[in-house]
Structures are given as structure tokens and as C-alpha cells.
Amino acid sequence: MAAPHTHQPDILVEAESFDDFGGWVMDSQFDLEMGSPYLLAHGNGVPVADATTVIDTPPGLYHVWVRAKDWVPGHHPGRFNLIVNGKSLRPEFGANGQDWSWEYGGSVLLGDKTKLALHDLTGFCGRCDAIFLSRAGEAPPPDAEQAWRRALRGLPQTPVDMGSFDVVVVGGGIVGSAAALAAARLGDRVALLHNRPVLGGNGSVEIGLRPRGITGPLIEEISQRHSNGDLHAESLLRAETTASVFLEHTVYNTITSNSRILSVDAREARTGREIRLSAATFIDCSGKCILGLLSGAETLFGQESKSKYGEGLAPTEGDNYIHHGNTVFFRTKMTDTPVPFPNVPWATEVAKDYSNLGGQLVKPGIENGPGPVVPPKGGLDASTSLRRRMKGPLTHFWEYGQRLDPYTHGEHIRDHLLRAIYGTFSNVKAKPEYNNLQLEWVAFVAAQGEFHRYMGDYILTENDIRSHKQFPDGVVNNDGAFCLHYPGDEDAKYDFRLKYWEWDERDKQPYEVPFRCLYSSNISNLMMAGKHISVTHVAGSNTKFMGNGGQHAIATAAAAHLCKKYKTAPRGMRNHLQELKELCSRFTGLDGTNTGDGSIKSRTKL
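Residues numbered from 1 in each chain as written. Predicted model: local features only at pLDDT ≥ 70, side-chain atom pairs only at ≥ 80, totals over all residues. Heavy atoms only, no water.

1. Quick notes on the environment of Pro77
For clarity, the cut-off: In DSSP terms, a helix is any run of H or I states spanning at least four residues, a strand is any run of E spanning at least two, and both are numbered starting from the N terminus. Contacts are assigned to residue pairs that have any heavy atoms within 4.5 Å of one another.
Tracing the sequence through the fold places Pro77 in the loop between strand E6 (60-68) and strand E7 (80-84). Taking the C-alpha atoms as reference, Pro77 lies 7.3 Å from Cys125; in sequence the two are 48 residues apart. Excluding anything up to four places from it in sequence, Pro77 contacts Asp70, Trp71, Val72, Thr122, Phe124 and Trp346.

In C-alpha cells, the structure reads:
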């Protein structure tokens, strides 16, 4: 039975605290954007089983509000009922034409035990944040601030102190998992904070990409998959006695002093419990530059102009807003019998007549699968001007949000891509030969693209990579192609598809990444690894690969260890570079010796 969240005469029931989610799923990826995790009825057109809970309620008459969202106003595809003690309240929630808002559900007479059920009506992403019961009949505050939620849930107004660690890693993708695992194996007390229920980020079972770039033994170990597709990362970290893993925890605040982070605050999705973790060193592996934005670090965003660094792949005119967008993956299959699919005019508004389901995720770790295609009468795939490269079935061609703020429009970007996929599926299903086609799986967690990047003491450029520039503090290698995504024009017919994709393999040789790209220029104890290190937009199109980010992670974990040993900040590693390189080599399988050609000499793994 769910613990009652009471503050007489009011009761708040957070949907994510329900006893049984039924067929609903908890969606916590937009906590900082919309204020809370919520339950999502993600049934791909088939209504999901009820989510249920039982709460204690002092007997009496209560007024009921439900915080929900009509995610396609005018069509209301995500409708649901709230059932109280077996009786459905009259409104269909998620149908009021509003973004996240409280909807009044009427009044109910309750006894001392109350059963609540969320009853999905459509299977198309109905969403419920919370249920508010008021004896006084006063409406809840429109913004549902955290202080108000904490008070009603009986939670302390200040985070619980979880103590101090040698290093705190934020973000549990493959990059963050590598940083935490390397730190633990060096004997450091490390805490890993991750906002999802599973580790791996874009490589997790929720999304399914495989690491590219340089991997090496540690990344290969982390990236092995269990039979259900989940990565080995969590089991490896749980086996380390000095590692603490906090899943479903969103970092929302930092405490700083004198340009130094003292601690971070994080909120657990299911309970709302807030914790505070202190450390000497922090490593941001979120990919979102989240610690930097919270602590006032200097950052970069958008595209630099060609003239700024002389980069051949840079645009003539730079900007501070175009970036790689997000992607939603999916998979279809043919069955032995016909499979119905509802009419989805709200989805074909986005998909229009697009009828190509290529670019599927075959299974976690295997991308770019083919899919059913209905030959078009015109449009994108029939265009003679379409470059040949764009006709392949690649997962990342389903991309959106390149001109939107990725921090405040994440839910909209994900929803737009869902509409594109559902609408395209409906268009294909209209052909009799695809009567048996079924949506086997559609991700509700988007593969994330580009966010802010940190400014370090050095900004790596395209020319540095092409020339294999050698650096005195070159600590790890990266490899792979420049992978640049170009969106269509703002009025493009199919705005959920890339216009062009640059895949420039250079000379296919590895290059050095200087340690100065891996720590903040103005927050003294903050390091970073992954797609948001100190690079230009063009250079970042290569350093962003998860395998490459794992190398950054190893270097930052090794540096954190030496910072503790020598009681210094990351910038002080300039006095300990050889030791840093040797320590990195324990996990990369490289000996840290320059060969003179911009690569680093391999050696036997220790």
C-alpha cells in the first residue's frame, strides 16, 4: 500500500508512487523541464493495464484534481480515466487542450481506505503526474512547486546528507559508468548519480545504440549485454565495494563556493526523497553539461563559423542555436494474422504521406535495420535531388529538435518524433500487403543529441584532429569519423528527417585528446567526459561517440585519483602528466608513449 502523502486537509498522490504501474511506465526524463516524473500509458495504440494504488484517507468529502497533459490539443490522443473505489470520475483527463495543468475531477465521498486506478483509454501516451484530494475544495497551485510537493508528502525541506565521497560522477551512460568503474577500481569512494532506472544512456536497453569510436577493454567490458539487452555496467559497479550507484536520481542543484562545487543535490523519482552528496572532485558525464549550468561554468553552444577556427566543415556563418537533435528508435514485425491500428490523424499531421519505415533498431546494439517501404508518388525518397547517402535505412535519420532548446523542449521533441513514427506506420498499414504489420517496440526515451559544451583550458578543433596535433597533455586517443547532422529547412515537408548527414572518415587514424579539454576553465574541481567536453561543434561530432567518451572518462577518473593523492585540483595535473598517462593506460591498454604520428603506442593490457 502506498504511503499516504497528507497535510490535513489535503492529500497528494504522486503517480510515480503508485503500488502497481500495471502497463503504465514511469517517465522521469523531463523532471527538470516539467517539474516531476509521471506515469505514461505507452501502448502503441493498445490501451495498457490499469495502474493502481491504495491510500489511507480520513473519511469525508474530497474534491479531486488530476495533473495531466493533452499532448496533441484538438485531437486528445492520450485520454484516461481516474477510477476511485471502482467508480470512474466523469472527466476524460488529457483532453482539455492544455499542456501540463490541473484538471478538476469532481467531488467524492471517501472512507478510510481508498483505491485509485488510472485507466488508459487509447494506448497513445496518456500521462498523469499527480492526484490532489482536498477537503477544503481549494485548487492546487498551478506550478506545483517542489516545496509544496515536499510538504504534502511529508518530506524534509532540505536534502538528506549522504556524506562525502572522493569523487561524484553525474550521468550513468556508458561514459559515466566507465568513469565510476575506473574510479572504483583505483580504490576511490565514488558515487554515480543517474536519472534512469538502467545504466547506459544512449547505449542502454531503453535506447540501444552501440559504442563507436575507440572502445578498449573497459568500455568493451561495460558494453557486454545480458540476454534481456541490458548492459553489464550495473552488475560490474555493484560488485565494487567502493562504488555507490543511485539510479532514478535527478541532479537539480549544486552548492558552490569560490568557484568550486562543494556538493550536489539529487531527487529520487519514485519517492521524491532528496539527497546531498559532497566530494573533492566532480565529473559531469550527463552529456547535458548539467553540473556546469547549475554551477555557473563557462560553456559553448551551437556552431562556430568557418572563419573562427578555420575549420573546413564549419558553416560560413556561425550561430548559437543549431545543434544535433534527438532520435526515437522503433521496430516493426510481420505477424501471422492481421493487426489492427487506430486511425491517427493527429500523427499523420506530422508524418503527412511519408511511408518509409527504414532505420529500425534490430535489437539493442544493432542499428540501421530495414523496414517496410511504400513507394512514394513524390516527396523525400523520390526526389532526384536527394543525396544517395540519405536513402539508406539509418536510425539517426529520424531526428528532430535541431532548432529547439534541448533543455526546455525535450518532451515536445520526443512527442513530435512519436507522432512521426505513428503516422508513418499508419501510412504503410494503409496498404493491404501490410495488414499483418505490427509495431513491436517503440522507445519512449529519446536518444539524446547535442546540448551545451564546456569551455576548458583548450578547445579542440577539426584541424587539430585532422593534423593529429600532438599535445604535451595528450592523455587518451579518440577515433572515428566527423558525423555532422543537417536538418531540413524550417518549412521542410518531413521535418522529422535529416536533410543531410556528413560522414567524413578523415584518414581513419586515432588522434590525441588533451587533458585541458576535460576540465572546466572556471569551476576548479569540475571535470567532464563525453559529448560535452571542450571542443568545437565540428570536433564534437567525433569526440561525441560513446567509445571516445569512455576514454575521456578514464582520464578524468585517473585525474581524480591523482587529485586526491596530491591534494590538488584538475588543473594541477600539469605537474603530474606522466603519472596521469600511465594511470590511464591501466584501462585503455595504451602505454601513453607518443609515436610521432599523432597516435599512442599500444601495449599489453595490465
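2. Brief notes about the pattern of salt bridges
The condition that has to hold: Put simply, a salt bridge is a Lys or Arg side-chain nitrogen that is within 4 Å of an Asp or Glu carboxyl oxygen. Exposure is judged per residue with a 1.4 Å probe applied to protein chains only, and the accessible area is read against the type maximum: over 50% gives exposed, under 20% gives buried, and values in between give partly exposed.
The tally for this structure, following the rule as stated, stands at 38 salt bridges. The salt bridge involving Arg153 is made with Glu14; its shortest N-O contact spans 3.8 Å. With Arg153 in helix H2 (residues 146-153) and Glu14 in strand E2 (residues 10-14), this residue pair connects regions lying 139 residues apart in the sequence. Among the residues examined, Arg153 registers a relative accessible area of 11% and is labelled buried. For Arg212, the salt bridge identified is with Glu367, shortest N-O distance 3.2 Å. Here Arg212 is found in the loop between strand E13 (190-193) and helix H4 (216-223), whereas its partner Glu367 is found in the loop between helix H8 (345-351) and helix H9 (410-429), with 155 residues between them in sequence. Residue classification places Glu367 among the buried positions, given a relative accessible area of 9%.

3. What about the sheet that holds strand E5 (residues 51-56)?
This is how it is decided: In this description, strands pair whenever DSSP reports at least two bridges between them.
Read from one edge to the other, the open sheet built from 4 strands follows the order E5-E10-E7-E8, with strand pairing classed as antiparallel. In this open sheet, the two edge strands, each paired with only one partner strand, are E5 and strand E8 (87-88). The sheet contact formed by E5 and strand E10 (residues 113-120) spans 6 bridges and is antiparallel. Bridging across to E10, Val54 finds its partner in Lys115.

4. Section: the packing of aromatic side chains
Short version of the rule: Pairing of aromatic side chains requires ring centres within 6.5 Å, counting the rings of Phe and Tyr and the six-membered ring of Trp. Pairs whose planes differ by under 30 degrees are stacked, by over 60 edge-to-face, and all others tilted.
For the structure on display, the rule yields 27 aromatic pairs. Seen in terms of ring centroids, Phe132 and Trp148 are 5.4 Å apart; in terms of plane orientation they differ by 50°. Their pairing is tilted. Placement of the pair is Phe132 in strand E11 (residues 124-134) and Trp148 in helix H2, with a sequence separation of 16 residues. An aromatic cluster is defined as three or more aromatic residues linked by ring pairs; in this entry it consists of Trp71, Phe124, Phe341, Trp346, Tyr422 and Phe425.

5. Quick notes on the environment of Phe471
In this structure, Phe471 sits in the loop between helix H10 (462-466) and strand E22 (474-478). Residues Phe471 and Cys125, spaced 346 residues apart in sequence, show a C-alpha to C-alpha distance of 50 Å.

6. Examining the pairing of strand E16 (residues 261-268)
Most of E16 is tucked away, with 6 of its 8 residues classed as buried. As judged from the 7 bridges shared by strand E15 (residues 249-256) and E16, these two strands associate in the antiparallel manner. Looking across to E16, one finds that Thr250 is bridged to Arg267. Hairpin connection from E15 to E16: 4 residues lie between these consecutive antiparallel strands, with Asn258 at a positive phi of about 50°. Relative to strand E17 (residues 274-284), E16 runs antiparallel, the two sharing 5 bridges.

7. A closer look at the side chain of Thr114
Convention followed: As used in this structure description, the phrase polar contact means that two N or O atoms lie within 3.5 Å; if the pair is within protein, one of them must be able to donate a hydrogen and the other to accept it, and residues adjacent in sequence are counted only when both atoms belong to side chains.
Among the structural elements, Thr114 can be located in strand E10. A distance of 2.7 Å separates a polar atom in the side chain of Thr114 from a polar atom in the side chain of Thr57.

8. A few points about the side chain of Ser101
Assignment of secondary structure puts Ser101 in strand E9 (residues 101-110). Excluding residues that lie within four positions of it along the chain, Ser101 makes contacts with Val66, Arg67, Ala68 and Asn96.

9. Some details on the packing of helix H3 (residues 174-185) against helix H12 (residues 546-566)
Applicable threshold: The axes used here are C-alpha line fits, helices contributing only the stretch in contact, and every angle between their N-to-C directions lies in the interval 0 to 180 degrees. Orientation labels follow simple angle bins: below 35 degrees gives roughly parallel, above 145 gives roughly antiparallel, 65 to 115 gives roughly perpendicular, and whatever is left gives oblique. Crossing handedness is read from the near helix: turned anticlockwise from the far helix by less than a right angle, it gives a left-handed crossing, and turned clockwise, a right-handed one. Note that Gly is not counted as nonpolar here; it falls among the polar residues with everything else outside the nonpolar set of Ala, Val, Leu, Ile, Met, Phe, Trp, Tyr, Cys and Pro and the charged set of Asp, Glu, Lys and Arg.
H12 packs onto H3 with a crossing angle of 30° between their chain directions and a minimal axis gap of 8 Å. Our classification of the angle between H3 and H12 gives roughly parallel. At the point where H3 passes H12, the crossing takes the right-handed sense. Every residue of H12 that contacts H3 at Ile174, Val175, Ala178, Ala179, Ala182 and Ala183 is listed here: Met546, Gly549, Gly550, Ala553 and Ala557. Residue composition of the contact of H3 with H12, by class: 9 nonpolar, 2 polar and no charged.

10. Regarding the domain arrangement of the protein chain
Convention followed: In this document the domain limits rely on a domain assignment from an automatic tool or a database. The buried area of a pairing is the accessible area, by a 1.4 Å probe, that goes missing from both parts when the two are put together, added over both.
As assigned here, the protein chain comprises domain 1 (11-153), domain 2 (160-304 + 450-463 + 514-588) and domain 3 (326-442). The gap between the C-alpha centroids of domain 2 and domain 3 is 33 Å. Facing the 16 residues of domain 2 at the interface are 12 residues of domain 3. Of the roughly 1000 Å² buried at the junction of domain 2 and domain 3 (both faces included), carbon and sulfur atoms supply 61%. It is Ile207, Leu209 and Phe451 that lose the most area in domain 2 upon contact with domain 3, and together they represent 39% of the buried surface on that side. Inspection of the region where domain 2 meets domain 3 yields 1 salt bridge. Its residues assigned to classes, the side of domain 2 that touches domain 3 comprises 7 nonpolar, 3 polar and 6 charged.

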